[in-house]
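Structural characterization, general
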Amino acid sequence: MADDDSRYFVREIETSDGCILNIKQCYLGDVGCVVWDAAIVLAKYLETKHFHDPSSGVNAWAGKSVLELGAGTGVVGLMAATMGGDVSDMPPPHYVLLADCIYYEESVGPLVETLRFIAGPDTCIICCYEQRTEGVNPKVEQRFFKLLQQNFSCEEIPLEKQDPEFSSPDIHILHIRRKSCD
């Protein structure tokens, strides 16, 4: 058993109510083994007063259906669940959470198609990604947004509306909604 424990280390993410999410991350492995920085930024954004403010009774997550796509170890869905979200796969969900999904060229088209399939008219897609400036990454981001704009509108969330400690100028949070069929 000690051998298995040596392959992991624990990433601790403290929730606003003082609880700790302990996420095991592999020392070696592929994309699903990592707690991505964008996932932490998004998880902490879910706790901002816009969504969750116990002192005023605001909890946008309570009783809402939430679908998490591409957050590595699942920390974003776990954070939503700690605040009362029903993290399930029953379309159309109230929220779709995406963390660091815009970097792999072959997945951009299927990702946008998936969003078209699962997002209803009231679904809020919250996408958080780290902007990468090397290699094919700028081209991949450009393709994602070009495909996205055909059916969706995007609003970038400014840094001042994000968690003050867990935010970064190179990690972007977007609210994405299906365009209305007027």
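Described below are features of the structure shown in this document. All residue numbers refer to position in the chain's written sequence, counted from 1. Note on the predicted model: pLDDT of at least 70 is required for a residue's local features to be given, and 80 or more for side-chain atom pairs to be given and counted; whole-chain, interface and lining totals, by contrast, use all residues. Values shown for side chains rest on all heavy atoms present in the structure; no hydrogens or waters enter the calculation.

This next bit is on the overall build of the chain. Labels follow the DSSP assignment, with helices taken as runs of H or I lasting at least four residues and strands as runs of E lasting at least two, numbered in each case from the N terminus. The number of helices and strands found in the chain is five helices and 10 strands. Scored against the burial criterion, the 182 residues of the chain give a buried share of 42%. Note on contacts: a residue pair is in contact if any heavy atoms of the two residues lie within 4.5 Å. Expressed as a percentage of contacts within the chain between residues at least 6 apart in sequence, the contacts between residues at least 24 apart total 68%. Values of accessible area rely on a 1.4 Å probe in the Shrake-Rupley scheme; residue burial ignores everything except the protein chains shown. When the accessible surface of the chain is split by element, carbon and sulfur atoms take 52% of a total near 10,100 Å². Burial status follows relative accessibility: with a 1.4 Å probe on protein chains alone, a residue under 20% of its type maximum counts as buried, one over 50% as exposed, and anything between as partly exposed.

Stacked, edge-to-face and tilted are the three classes for Phe, Tyr and Trp ring pairs, Trp counted by its six-membered ring, which pair at centre distances within 6.5 Å; planes under 30 degrees apart are stacked, over 60 edge-to-face, the rest tilted. Counted under the stated rule, the structure contains six aromatic pairs. Aromatic pair Phe-144 and Phe-145: ring centres 5.1 Å apart, planes at 75°, arrangement edge-to-face. Owing to a relative accessible area of 0%, Phe-144 belongs among the buried residues under this scheme. Of the residues examined, Phe-145 reaches a relative accessible area of 25% and is grouped as partly exposed.

Next up on the list: the sheet that holds strand E8 (residues 124–130). Read from one edge to the other, the open sheet built from six strands follows the order E6-E5-E7-E8-E10-E9, with strand pairing classed as mixed. Two strands lie at the open edges of the sheet, namely strand E6 (86–87) and strand E9 (152–156), each paired on one side alone. As judged from the six bridges shared by E8 and strand E10 (residues 171–178), these two strands associate in the antiparallel manner. Within E10, the position partnered with Cys-128 by the bridge is Ile-173. All axes are obtained by fitting lines to C-alpha atoms, using only the stretch in contact for helices, and the reported angles, taken between N-to-C directions, cover 0 to 180 degrees. Taken strand by strand, helix H2 (residues 37–45) contacts strand E7 (95–99), E8 and E10, and its axis lies near 140° from that of E8. The sheet contacts of helix H4 (residues 108–118) involve strand E5 (65–69), E7, E8, E9 and E10, and relative to E5 the element is tilted by about 170°. A pair of strands counts as paired when DSSP detects no fewer than two bridges linking them.

Before going further, it helps to examine the side chain of Gln-162. For Gln-162, the position within the fold is in the loop between E9 and E10. Judged by relative accessible area, which is 5%, Gln-162 ranks as buried. In this structure the side chain of Gln-162 is engaged in a polar contact, spanning 3.0 Å, whose partner is the backbone oxygen of Ile-157. Excluding its chain neighbours within four sequence positions, the residues that come into contact with Gln-162 are Val-41, Tyr-45, Thr-48, Ile-157, Ser-167, Ile-171 and Ile-173. Throughout this description, a polar contact denotes any pair of N or O atoms lying within 3.5 Å of each other; where both atoms belong to protein, one of them has to be capable of donating a hydrogen while the other can accept it, and for residues adjacent in sequence the pair is counted only when both atoms sit in side chains.

Moving on, we come to the state of the cysteines. Here, the word disulfide means a covalent bond between the sulfur atoms of two cysteines. Cysteine sulfurs are considered disulfide-paired once they come within 2.5 Å of each other. Tallied over the entire structure, the rule returns zero disulfides. Lacking any disulfide linkage, Cys-128 is separated from the closest cysteine sulfur, that of Cys-127, by 7.3 Å. Using a relative accessible area of 0% as the deciding quantity, one classes Cys-128 as buried.

A word on the pairing of E7. Burial analysis of E7 places five of its five residues in the buried class, the great majority of the element. Residue alternation in E7 divides its side chains into two sets, Tyr-95, Leu-97 and Ala-99 and Val-96 and Leu-98, and both sets are buried. Across four bridges, E5 lies against E7 in parallel orientation. Across the sheet, the residue bridging to Leu-67 is Val-96, located in E7. Relative to E8, E7 is paired through five bridges, and the arrangement is parallel. What sits directly across from Ala-99, in E8, is Cys-128. A crossover counts as right-handed when, viewed with the strands pointing away from the observer, the path leading from the first strand over the helix to the second turns clockwise. Taking the sense of rotation as the criterion, the β-α-β connection linking E7, H4 and E8 turns out right-handed.

Attention shifts here to H2. Counted residue by residue, H2 has eight buried out of nine residues, so it is predominantly covered. Listing the buried residues of H2 in full gives Ala-38, Ala-39, Ile-40, Val-41, Leu-42, Ala-43, Lys-44 and Tyr-45.

Residue position: Ile-125 is located in strand E8. Judged by relative accessible area, Ile-125 falls into the buried class, the value being 0%. C-alpha of Ile-125 to C-alpha of Leu-98: the two residues are 27 residues apart in sequence and 7.4 Å apart in space.

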